[in-house]
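Overview (structure and organization)
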Amino acid sequence: MSISSPPSLVEAELAELRPFLQKELEAGTLDLPLLPVVAHQVLLVSGDPNADSSKLSTLIQQDQALAAQILRIANSPAYAPRSPIVSLQQAIAWLGFNMLAGLAFSVSVQSGVFKISGHQQEIQGLWRQALATGLYGKEIARRIRHNVENAFLCGILHLIGKPGALHLLSRAPSPTGSSHSWTALEILLDEFHIPVGTVLGKTWKLPESVQETIQFYQDDQYHHAISPAKGTVITCLAHHLASLSLQTSPMNEDAIRHLPVVRELNFYPEDMTALLELQESIRKNVECFVI
Amino acid sequence: MKPSSSFDVLVIGSGPAGQKAAIQGAKAGKRVGLVEQNREVGGACVYQGTIPSKTLRESALQMVRFLQATDVFEFRMRDDVKITSLMTRLHHVVRAHGEFMKEQLTRNGITPLHGRAKFRSDHEVDIHHVDGTCTTASAPLIIIAAGSRPRIPDHVAIDHEHILDSDSILSLVYLPKSLTVLGGGVIASEYASMFALLGVQVTMIDSADRPLKFLDQELTDQFSLAFEQTGGRYRGLQKIQHVQWDGYSHVTTTLDNGETVNSEKMLVALGRVANIEYLNISAAGLEPTSRGLIAVNDHCQTSVPHIYAVGDVIGPPSLASCSMEQGRRAVCHALGLDPGVAPEHIPMGIYTIPEMSSVGLSEQDAIGKFGSALVGRAKFYEIARGQISGMTNGLLKMVADPDGKELLGVHIVGEGATELIHIGQMGLLHHIQVDRFIENIFNFPTLAEAYRVAALDIAKQRSRR
Ligand SMILES: Cc1cc2nc3c(=O)[nH]c(=O)nc-3n(C[C@H](O)[C@H](O)[C@H](O)COP(=O)(O)OP(=O)(O)OC[C@H]3O[C@@H](n4cnc5c(N)ncnc54)[C@H](O)[C@@H]3O)c2cc1C
């Protein structure tokens, strides 16, 4: 658990860190890490109609930590395998190709890209949110007959700017030498994750619909998105539902039911009831996905 | 108390049937309310049916022609352009068509009512809005045009990700390597031939011995041939035991004989069901038929005289073309306006590759009715225009009475069939004799010349008698 700092200290930290991030963004030369080769390839494979599961498992095998995580997830109670899963091929068969591709990508990004020390629990919270959004995105896409795989990818990557911004902040000079409080960092992540994510999306050449989602997934922004895949508006609602299911939302069920995005997606009360009923199963799925 | 509004005519559903009903009511000076549950007007026709499937087909054809031209003109297309550009064009066309529809309704002063309609009584309809509120609308005349949706068979778990229906197939963002199509009807055949043309390995599985069983066999034989030439397979006389997504790369279809067919994706196109359960038609004094449809008389009037039902909700032929006319005629009948002569010969257009179209009696029907029939044939490759365009698989079949004089039906397979058929339709409507096609001059070179060639074929058989 992070200890919250008194308001004046937080203000001081913000005053010090905000200009740092602003300067980095204005300079346009963000020192962000490259996408690890494995993650990039996994992403390519998952969008490649010619890819098969053996190609994916070969890729995953290149990263031992990743392979271990995937086996752990496939064997977790949420996926309740009939017999223990011992090979990657078998894990892929059990979890599903696209689910696995997305998962492999996010696990590899989680563990490999951003070297962030401290705040492990909070960072896990971010990934929980991203994964729950991806899973909810799939269910929303199914309902409106939009592309399910794309919705998942948009969901798991829409917050990529947060670890990206954390990575930048971890290199910010600290006059006192002490590490920054999570309260301050959280405020800054909220403020900066979209511009940082936008740069990351471009640098990593993420699919266009994902880039659009990163930029416009918020309630007052989704109307800017033009992709017919509707990944942005799907992710906007998925994000709210994910927060509710992970009990991190400042909104209650009723407030979510009345969000403009619900009307945008033309969801009637009965559609929302059906989606809200999935909270428990999404939560269970997320738990076994997080490292 | 709930807010309520009253109209002269209340239409439920804004697909082709509802739209034309509403416009006819407005043109007759009535106050019309149009209830639609979706945000956009246009119905299945605009968003999941006719318009997207035909746009996708047209774009696929253009793309294949373009790809073929790359050899001639020595340029290359990026491999990934394929499906994304097809889909982008699709969305443009759908959006433009939707906007046009909306504008047409506004121009006619029709009041749009966004919500789900549910009968409260035979004159009142509750409209449940997306925000959870409910209003009531009443009218002395109500038209049900709620349309249809894909049927979900009990034994196939459609997940809209790997196992798709004709709505979710439009969400594909890349071309699968292989596709199994369950069904052998119009939608199944149209999508099967389109994907096969785009290089997808397509297997159609159905219980009938050939696809589109209701059509003239000579036409479907040509279709099957073209389908096989693009790598497609038709597995007829099959029963499905079960269908399962194996979890990572394939949908496995197990047939009754134990055989399995694997494919990356599956399209389930096993018919459609009417959208009536939400309507609560019993509150209006109506009961669904055993097939889940709304029963109507020749004027599309239900058993409750001031309630009409039009379009897919009353069952076959379930075509946008017929639905529109039913909507218009129903309102004319209800308002005591002359709807004009009832359409006698409804053409059927099937946008497979190649296209097929049919009007009037088939050869089998004509034999059933008259004891025998004379049939004239014109193959497109024998016609100058067909040769110029490199058409190898077109056929026009003209069915005449046993004396070879009276035109009874026309059946065409080949590109342009759905346009060409209208000449035959007009001929049938005006009881044109077969010889009129011989005596008159057609533009040269055109495919319409096939009518002359087929008529000559009939005349030749006549003279041999
Ligand atoms: C893939 C495909 C291809 C097709 N190709 C062709 C073709 O080439 N040529 C052709 O002629 N036909 C074609 N059709 C058929 C054609 O689309 C339908 O026959 C036509 O759309 C039927 O029109 P409709 O107005 O009866 O219903 P729909 O178009 O289904 O519209 C009904 C509307 O009612 C609304 N609605 C339903 N219930 C309620 C409610 N309770 N309250 C409020 N609103 C409600 C629905 O949201 C919908 O918008 C095709 C269909 C499909 C699926």
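Structure's up top.
Residues numbered from 1 in each chain as written. Chains lettered and ligands numbered in written order. Predicted model: local features only at pLDDT ≥ 70, side-chain atom pairs only at ≥ 80, totals over all residues. Heavy atoms only, no water.

**Examining the overall build of chain A**
If you tally the helices and strands in chain A, you get 16 helices and zero strands. Taken across its 291 residues, chain A has 55% of its residues classed as buried. Within chain A, contacts between residues separated by at least 24 positions form 71% of all contacts whose residues are at least 6 apart in sequence. Surface accessibility of chain A: about 12,400 Å² in total, with carbon and sulfur atoms responsible for 56%. (Helix = DSSP H or I, 4+ residues; strand = E, 2+ residues; numbered from the N terminus. Buried < 20%, exposed > 50% of the residue type's maximum accessible area, 1.4 Å probe, protein only. Contact = heavy atoms within 4.5 Å. Areas by Shrake-Rupley, 256 points an atom, 1.4 Å probe, with all protein chains shown as cover.)

**Some details on the overall build of chain B**
A count of helical and extended segments in chain B gives twelve helices and 24 strands. For 465 residues, the compact-globule estimate of 2.2 N^0.38 gives 23 Å, and chain B sits close to it at 24 Å. A principal-axis box enclosing the C-alpha atoms of chain B has dimensions of 75 × 60 × 45 Å. Counting all 465 residues of chain B, 54% fall into the buried class. If you sum the accessible surface of chain B, you get close to 20,600 Å²; carbon and sulfur atoms cover 52% of it. (Rg over C-alpha atoms; globule rule 2.2 N^0.38 Å.)

**Things to note about the sheet that holds strand 20 (residues 348-350) of chain B**
Note on sheets: strands pair through backbone hydrogen bonds, and any given pair is parallel or antiparallel. Residues and elements named next belong to chain B. With antiparallel pairing, the five strands of this open sheet are ordered in space as 20-21-24-23-22. Two strands lie at the open edges of the sheet, namely strand 20 and strand 22 (374-379), each paired on one side alone. Averaged over neighbouring strand pairs, the angle between their axes works out to 10 degrees when direction is ignored. Pairing between strand 23 (residues 395-400) and strand 24 (residues 407-413): six bridges, direction antiparallel. If you follow Lys397 over to strand 24, its bridge partner there is His411. Seen against the sheet, helix 8 (residues 363-370) touches strand 22, strand 23 and strand 24 and runs at an angle of roughly 10 degrees to strand 23. (Pairing = 2+ DSSP bridges. Axes fitted to C-alpha atoms, helices over the stretch in contact; angles between N-to-C directions.)

**Let's talk about the environment of Gly147 of chain B**
All names here are of chain B. Checked against the element boundaries, Gly147 lands in the loop between strand 8 (141-144) and strand 9 (148-150). Residues Gly147 and Ala330 lie 183 residues apart in sequence; the distance between their C-alpha atoms is 15 Å. The contact partners of Gly147, leaving out residues within four places of it in the chain, are Val273, Ala274, Asn275, Asp312 and Val313.

**Thoughts on helix 6 (residues 217-229) of chain B**
Residue and element names in this part refer to chain B. With 13 residues, helix 6 ought to run about 18 Å at 1.5 Å a step, and its terminal C-alpha atoms sit 18 Å apart, in line with that. Restricting attention to buried positions, one finds in helix 6 the residues Leu219, Thr220, Gln222, Phe223, Ser224, Ala226 and Phe227. Contact partners of the buried residues in helix 6: helix 5 (186-197), strand 12 (201-205), strand 13 (233-235), strand 21 (356-360), strand 23 and strand 24. The opening residue of helix 6 is Asp216, an N-cap whose side-chain oxygen sits 2.8 Å from the backbone nitrogen of Glu218. Positioned one or two residues after helix 6, Gly231 has a phi angle of 95 degrees, which is positive. (Expected span 1.5 Å × (residues − 1). Polar contact = N/O pair within 3.5 Å; in protein donor to acceptor, adjacent residues only side chain to side chain.)

**Observations regarding the sheet that holds strand 7 (residues 134-138) of chain B**
Residues and elements named next belong to chain B. Spatial strand order, 1-7-6-5: four strands in an open sheet with mixed pairing. Every other strand in the sheet has two partners, leaving strand 1 (4-6) and strand 5 (116-119) as the edge strands with one partner each. The average undirected angle you get between the axes of adjacent strands in this sheet is 30 degrees. Two elements, strand 6 (residues 124-128) and strand 7, share five bridges in a ladder whose sense is antiparallel. Counted as the bridge partner of Val125 is Ala137 from strand 7.

**Structural notes on the site of the ligand**
Residues and elements named next belong to chain B. With respect to spatial proximity, 38 residues lie near the ligand, and among them Glu36, Lys54, Ala117, Asp312 and Ala320 are the closest. Contacts to the ligand include Pro16, whose backbone N or O atom sits 3.2 Å from an oxygen atom. Within the residue set of the shell around the ligand, elements represented by two or more residues are helix 1 (16-27), strand 3 (32-36), helix 2 (43-47), helix 3 (50-73), strand 5, helix 5 and helix 7 (320-334). The class makeup of the residues in the shell around the ligand is 15 nonpolar, 18 polar and five charged. (Near = heavy atom within 4 Å. Nonpolar A, V, L, I, M, F, W, Y, C, P; charged D, E, K, R; others polar.)

**Observations regarding the packing of aromatic side chains**
Counting across every chain of the model gives three aromatic pairs over all chains. Centroid distance Tyr191 of chain B to Phe195 of chain B: 6.3 Å. Interplanar angle 35 degrees. Geometry classified as tilted. Note that Tyr191 of chain B and Phe195 of chain B are positioned in helix 5 at a spacing of four residues, about one turn of the helix. Phe195 of chain B matches Tyr191 of chain B in its accessibility class, with the two residues each being buried. Measuring from ring centre to ring centre gives 5.8 Å for Phe223 of chain B and Phe227 of chain B, while their planes differ by 10 degrees; the resulting arrangement is stacked. Remark: Phe227 of chain B and Phe223 of chain B occur in helix 6; sequence separation between them is four residues, near one turn of the helix. Residue Phe223 of chain B shares its accessibility class with Phe227 of chain B, and that shared class is buried. When the ring centre of Tyr268 of chain A is taken as reference, the NZ or CZ atom of Arg116 of chain B above it lies at 4.0 Å. Residue placement shows Arg116 of chain B over the ring face of Tyr278 of chain B; its charged tip is 5.6 Å from the ring centre. (Phe/Tyr/Trp six-rings, centres within 6.5 Å; stacked < 30°, edge-to-face > 60°. Lys NZ or Arg CZ within 6 Å of the ring centre and 35° of its normal.)

**Some thoughts on the side chain of His306 of chain B**
All names here are of chain B. Looking at where His306 falls in the secondary structure, it is placed in the loop between strand 18 (272-274) and strand 19 (307-309). Looking at His306, its side chain comes within polar contact range of the main-chain oxygen of Asp122, at 2.9 Å. Apart from the residues within four sequence positions on either side, His306 is in contact with Asp122, His123, Pro140, Leu141 and Ile142.

**Some points on the environment of Leu200 of chain A**
Residue and element names in this part refer to chain A. The topology assignment puts Leu200 in helix 10 (residues 182-203). A relative accessible area of 1% means that Leu200 is categorised as buried. Once the C-alpha coordinates of Leu200 and Gly161 are considered, the two residues, 39 residues apart in sequence, prove to be 7.1 Å apart.

**A closer look at unusual backbone geometry**
Peptide bonds are trans in most cases, and residues, glycine excluded, mostly fall at negative phi. Residues and elements named next belong to chain B. Residue Pro354 follows Ile353 across a cis peptide bond; omega there is 5 degrees. Within the element layout of this structure, Pro354 appears in the loop between strand 20 and strand 21. The linkage connecting Phe444 with the following residue, Pro445, adopts the cis geometry, with an omega of -5 degrees. Within the secondary structure layout, Pro445 lies in the loop between helix 11 (436-439) and helix 12 (449-464). If you check the backbone angles, His160 has positive phi at about 60 degrees while not being a glycine. With respect to the helices and strands, His160 occurs in the loop between strand 9 and strand 10 (163-165).

These values are about where atoms sit, not about what they do.
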